[in-house]
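What follows is the residue order along each chain.
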Amino acid sequence: MQYELTEEQETLRRSIRDLAQGIIAPRAAEIDEKAEFPEDIWEQLAKYGWLSLVIPEEYGGTGAPVLTTCVVIEEIAKVCASSALILAVHSLGSTPITIAGSHEQKTRYFPRMAAGEHLAAFALTEPGAGSDASALGTTAVLDGDHYRLNGTKCFISNGGVAEIYSVFAMTSHGVGTKGISAFIVEKSFPGFRIGKMEHKMGIRGNPTTEILFEDCLVPRENLLGKEGEGFRIAMQTLDKARPGIGAQAVGIAQGALDFAASYAKQRIQFKQPLAALPAIQFKLADMAMHTEAARQLVYKAAAMVDKGSKEVSKLSAMAKCFASDTAMWVTTEAVQVLGGYGYMKEYPLERMMRDAKITQIYEGTNEVQRLVIARGVLG
Ligand code: COS
């Protein structure tokens, strides 16, 4: 079964493509070079409603299907993976509230997130809890009307620029993952501090930071769901969000393929365009084949999330893993098509190759994805 987009999704694709090509593409190299968060692009995404896609309609959002969000992320990532992350992480950070938030919590937080005024982030990872997401050291102790949070989160995308954080912390010990709870934490809460800013290989236009909780006071009403439900909320969130990273990877791969193909038509070697050489044609053909296969898997996983399929953990993991491995391979091949020029910062391919690498690592390493897929296969 092929995942064809609806007329509306195709229209949205054309519309975000115009914004991506016209406004984001010319900024991409500079954003990477300066490692600056593109406030101007955040503004554009907010102004034209792209950040509302991931917020339910009844709370001021568009409530778009995950598949639509994937198409939008893909188009932005074709030209700038960092800019695509603004939406991908807004989606990741808001999903725990969509899944487990009460009507009051949604009424309070969603309208400004839909307007793009408040960005969201997802704070699960810690220095000692990466792939082993249940080994959290951050604690949350109930103290009157507040929980008191202490601990350190790391590698938080949208760190510092987000206003709202979905945070996971231990509320009881000795009961494994059942001791983890989820909270909505505002940047302005007392005891919340942004720590070290990371210097990264790629996605340099998105701030990746530590978050420190130093007796951070979180109102009791900001607990998401019930105590002990945090791990399930985190895993369900990742199931829904991973196709978005797959979409980012597909966008990076397509952007690299498009650039390499157009270069190959112009670059003359051996008295003919590179594109006339079978060695280059075969490379481009393989790159196109893998990219299209990854796109179909991402669209299928997204459609399955939208349908609420039971297979969603396995399919989301497949989509994220396959698409990110594809992006890494395609961008490496694209650099090769350009030869020495591909290695130079004057061309966008070395940036795309660096950006592709993180898609194999974040939102669960591809080793974790293979573990999840194997569990799905073996039952
Ligand atoms: N949906 C709902 N519940 C889930 C779930 C899912 N996708 N995955 C696991 N659970 C539940 C299990 O059913 C189990 O519940 P019970 O105790 O009631 O049976 C509980 O959660 C623990 O599950 P499990 O035993 O599988 O946990 P593990 O510690 O083995 O962890 C992995 C499994 C490795 C898959 C998990 O830690 C993980 O996804 N790690 C990567 C984290 C990640 O992606 N980090 C990226 C940073 S966030 S950008």
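Preceding this paragraph is the structure being described.
What counts and what doesn't
- Residues numbered from 1 in each chain as written.
- Predicted model: local features only at pLDDT ≥ 70, side-chain atom pairs only at ≥ 80, totals over all residues.
- Heavy atoms only, no water.
- Near = heavy atom within 4 Å.
- Polar contact = N/O pair within 3.5 Å; in protein donor to acceptor, adjacent residues only side chain to side chain.
- Areas by Shrake-Rupley, 256 points an atom, 1.4 Å probe, with all protein chains shown as cover.
- Helix = DSSP H or I, 4+ residues; strand = E, 2+ residues; numbered from the N terminus.
- Nonpolar A, V, L, I, M, F, W, Y, C, P; charged D, E, K, R; others polar.
- Buried < 20%, exposed > 50% of the residue type's maximum accessible area, 1.4 Å probe, protein only.
- Lys, Arg positive; Asp, Glu negative; His and termini not counted.
- Salt bridge = Lys/Arg side-chain N within 4 Å of Asp/Glu carboxyl O.
- Contact = heavy atoms within 4.5 Å.
- Disulfide = S-S within 2.5 Å.
- Pairing = 2+ DSSP bridges.
- Axes fitted to C-alpha atoms, helices over the stretch in contact; angles between N-to-C directions.
- Parallel < 35°, antiparallel > 145°, perpendicular 65-115°, else oblique.
- Left-handed = near helix turned anticlockwise from the far one by under 90°.
- Phe/Tyr/Trp six-rings, centres within 6.5 Å; stacked < 30°, edge-to-face > 60°.

S.K.: Tell me about the site of the ligand, and name the residues and values.
M.R.: Around the ligand lies a shell of 22 residues, among which Ser 131, Lys 178, Asp 239, Arg 242 and Arg 375 are the nearest. Within the backbone of Ser 131, a nitrogen or oxygen atom sits 2.8 Å from a nitrogen atom of the ligand. Between a nitrogen atom of the ligand and a side-chain N or O atom of Ser 313, the distance comes to 3.2 Å. In isolation the ligand has 1000 Å² of accessible area, and contact with the protein removes 65% of it. Every element with two or more residues in the shell around the ligand is listed here: α6 (230–266) and α10 (366–378). Here the element with the most residues in the shell around the ligand is α6; it accounts for seven residues. Across the shell around the ligand, the residue classes tally to eight nonpolar, eight polar and six charged.

S.K.: Report on the side chain of Glu 363, specifying residues and quantitative values.
M.R.: The topology assignment puts Glu 363 in the loop between α9 (349–359) and α10. Within the buried core, Glu 363 has no salt-bridge partner, and the shortest N-O distance to an opposite charge, that of Arg 242, equals 5.4 Å. Discounting residues that sit within four places of it in the chain, Glu 363 has contacts with Leu 92, Leu 238, Ala 241, Arg 242, Ile 245, Lys 320 and Gln 369.

S.K.: I'd like to hear about the state of the cysteines, residue by residue, with values.
M.R.: Going through the model one piece at a time under the given rule, you end up with zero disulfides. Cysteine Cys 70 shares no disulfide, and the gap to the nearest cysteine sulfur, in Cys 321, comes to 16 Å. The exposure class assigned to Cys 70 is buried, which follows from its relative accessible area of 2%.

S.K.: An account of the pairing of strand β2 (residues 139–143) is requested, with residue identities and associated values reported.
M.R.: By the bridge criterion, five bridges tie β2 to strand β3 (residues 146–157) in an arrangement that is antiparallel. Each bridged residue has a counterpart across the sheet, and for Val 141 the counterpart in β3 is Arg 148. Taken together, β2 and the strand that follows it, β3, pair antiparallel across an intervening segment of two residues, in which Gly 144 is found at a positive phi of about 70°.

S.K.: Give a description of the packing of helix α8 (residues 312–338) against α9 that names residues and reports values.
M.R.: One way to put it is that α8 packs onto α9 with a least axis distance of 8 Å and a crossing angle of 160°. With respect to each other, α8 and α9 are oriented roughly antiparallel. Like other packed secondary-structure pairs, α8 and α9 cross with a definite hand, here left-handed. Between α8, through Lys 320, Ser 324, Ala 327, Met 328, Thr 331, Thr 332, Ala 334, Val 335 and Leu 338, and α9, the contact on the second element is made entirely by Leu 349, Glu 350, Met 352, Met 353, Ala 356, Lys 357 and Thr 359.

S.K.: Can you lay out the packing of aromatic side chains for me, pointing to particular residues and giving the numbers?
M.R.: According to the stated counting rule, one finds nine aromatic pairs in the structure shown. Ring centres of Phe 259 and Tyr 347 lie 6.0 Å apart, and the angle between their planes is 75°; this geometry places the pair in the edge-to-face category. Within this pair, whereas Phe 259 is found in helix α6, its partner Tyr 347 is found in the loop between α8 and α9, the two being separated by 88 residues in sequence.

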